[in-house]
Amino acid sequence: MTGGPEIRPLALGELHGSLADPLLDAMTFLNEVTTRYPDAISFAPGRPYEGFFEPEHIQDYLDAYLDHLRERGLGPEAVRSTLFQYGPTKGIIPDLVARTLANDEGLDVAPEALVLTVGAQEGMLLVLRALCAAADDVLLVSSPCYVGVTGAARLLDLTTVPVPEGPQGGPDPEAVAAVARAVRERGQRPRALYVVPDFANPSGTSMPLAARARLLDVAAAEGLLVVEDNPYGFFARSPGERPTLKALDRRRQVVYLGSFAKTCFPGARLGYVVADQEVESAGGRRTLLADELAKLKSMTTVNTPALSQAVIGGMLIWHDFRLRKANAAATAFYAANLGTMLDELERHFPAPLRRELGVSWNRPEGGFFAVLTVPFDADERAMERCARERGVLWTPMAPFYPGGGGERRLRLSCSSLTVGQIKDGVAALAQFIKDQAAVG
């Protein structure tokens, strides 16, 4: 029996242009290659160490949150509705998050200025969609830059312009001013700057305190809002030495993105946005930017799962709204891992050999990442060859450079490994690098 007309495949060229973007292909490849080499030692994922997770604690945290609701006077029906129904778009635990930010970051944030999101990635999409209204609006990003934000900008057809990192880390404030002026001279509007000031992904670097204050002054002078992303700041060896940009913000110019993925657990997929900027309508009505973000969220994910919020909320209550203290053991673990990785690189590449091969690396003060410069193109093919021949995975750096570059650099993440895996992995990677250098 013959059917109707032939079913033709969809033309990729008729779908959104982001689907043909090499950036999205690169990230898909990185996710898939890990599963193809499950026995490889992987320096690729920036994920927390699973040894800190205990399934039975989830029930403890949920019970703590349920007790909290009852202590607030909620009866059984209200408790049931809080957990099982959709709930408010901005979330059900903004007050608990605000208390934690006050203790851990010195941030005096009204709960009304918070939006709970499905991971920090949703927060990025909401913020970029809200801030960038016209075709000539431009987002400045540090280079190298986290691909999540450049990918989000690509989905929104938003132009990004890179700003090189300064010598000590973070976007150079004077370069920010120069790039903003150049964008304006081209007839476009530099709208916002995205930055990860603490242990940035992918470079691992942190902005010095003086550079943070200068960056805020430059952004104000250039009419830029600052979008601060802070998933790794909790793992500083000396908390409080370098306050967040939001903690230094006196002009309400910083929109702050936070996440519980690294400090609690990634599977909850819970992030948040602090958006305390006032928004005035044509009729003179004033709201908070958080309220406007909630309008966008209501048309995307509707709201954030109550069960995830309840578990994380219970975790905050359980630890007396002090995640820094609760994460002290994790901070020490990640610092030790990073120290081991840097020491092993030094052991396998003493100074004379480094000079001979053209190998170098940076030395972050903490966090999950370091960047290694190698004498060959560290692309996807090289990474897969390294996995096949030496049983080691890493992340190519080129996709992190919006304006091009980074072809001979790779990112190493040590957060999810044991000391033994790090030692074995660096030894195997060192041999691969020496093999590639010998090939020429």
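The name an unreviewed UniProt entry assigns to the protein is PLP-dependent aminotransferase family protein, from the organism Streptacidiphilus alkalitolerans. Quoted verbatim from the Cofactor (unreviewed entry) field of UniProt, the annotation for the protein is "pyridoxal 5'-phosphate".

A. Just the pairing of strand 7 (residues 254–259), in detail. Summarising burial for strand 7: six of the six residues are buried, a large majority. Of the two faces of strand 7, the one lined by V254, Y256 and G258 and the one lined by V255, L257 and S259 are each fully buried. As paired strands, strand 6 (residues 225–229) and strand 7 are joined by four bridges and run parallel to one another. Directly across from D229, in strand 7, lies its bridge partner L257. The sheet contact formed by strand 7 and strand 8 (residues 270–274) spans four bridges and is antiparallel. Pairing of Y256 across the sheet is with V274, part of strand 8.

B. Expanded view of the pattern of salt bridges. Applying the stated criterion across every chain, the model contains 28 salt bridges. Between E280 and R286 there is a salt bridge; the shortest N-O distance is 3.8 Å. By the burial criterion, E280 is exposed, and R286 matches it. A single salt-bridge network, built from bridges that share partners, covers D21, R154 and D157.

C. Seen up close, a nonpolar patch on the surface. A cluster of nonpolar side chains, namely L10, L12, L15 and L19, defines an oily patch on the protein surface of about 400 Å² accessible area. Counting through the fold element by element, L15 comes out in the segment before helix 1 (22–36).

D. Main features of the environment of D276. Note that D276 resides in the loop between strand 8 and strand 9 (278–280). Measuring from C-alpha to C-alpha, the distance between D276 and A290 comes to 6.6 Å, with 14 residues separating the pair along the chain. Contacts of D276, omitting those with residues within four sequence positions, involve A113, K246, R252, V254 and L288. For D276, the side chain forms a polar contact with the side chain of K246, separated by 2.8 Å. Of note is the side chain of D276, whose polar atom sits 3.4 Å from the side chain of Q277.

E. Inspection of the packing of aromatic side chains at higher detail. All chains considered together, the criterion is met by 14 aromatic pairs. Each ring, one from Y49 and one from F52, has its centre 5.6 Å from the other, and the planes form 80 degrees; the classification is edge-to-face. Relative accessible area serves as the criterion here: at 23%, Y49 is assigned to the partly exposed category. The class for F52 is partly exposed, based on a relative accessible area of 35%. Ring centres of Y61 and W318 lie 5.9 Å apart, and the angle between their planes is 80 degrees; this geometry places the pair in the edge-to-face category. Of this pair, Y61 sits in helix 2 (residues 55–71) while W318 sits in helix 11 (residues 306–318); the two residues are 257 residues apart in sequence, bridging distant segments of the chain. Put simply, the rings of Y49, F52, Y232, F333, Y334, F368 and F369 pair up and form one aromatic cluster. Over the face of the ring belonging to F234 we find R324, whose NZ or CZ atom lies 5.0 Å from the ring centre.

Calculation notes
Residues numbered from 1 in each chain as written. Predicted model: local features only at pLDDT ≥ 70, side-chain atom pairs only at ≥ 80, totals over all residues. Heavy atoms only, no water. UniProt positions renumbered as here; feature names shortened; annotations may be inferred. Buried < 20%, exposed > 50% of the residue type's maximum accessible area, 1.4 Å probe, protein only. Helix = DSSP H or I, 4+ residues; strand = E, 2+ residues; numbered from the N terminus. Pairing = 2+ DSSP bridges. Salt bridge = Lys/Arg side-chain N within 4 Å of Asp/Glu carboxyl O. Patch = residues over 30% accessible without salt bridge, like charges linked within 9 Å, V, L, I, M, F, W, Y side chains within 5 Å. Areas by Shrake-Rupley, 256 points an atom, 1.4 Å probe, with all protein chains shown as cover. Contact = heavy atoms within 4.5 Å. Polar contact = N/O pair within 3.5 Å; in protein donor to acceptor, adjacent residues only side chain to side chain. Phe/Tyr/Trp six-rings, centres within 6.5 Å; stacked < 30°, edge-to-face > 60°. Lys NZ or Arg CZ within 6 Å of the ring centre and 35° of its normal.

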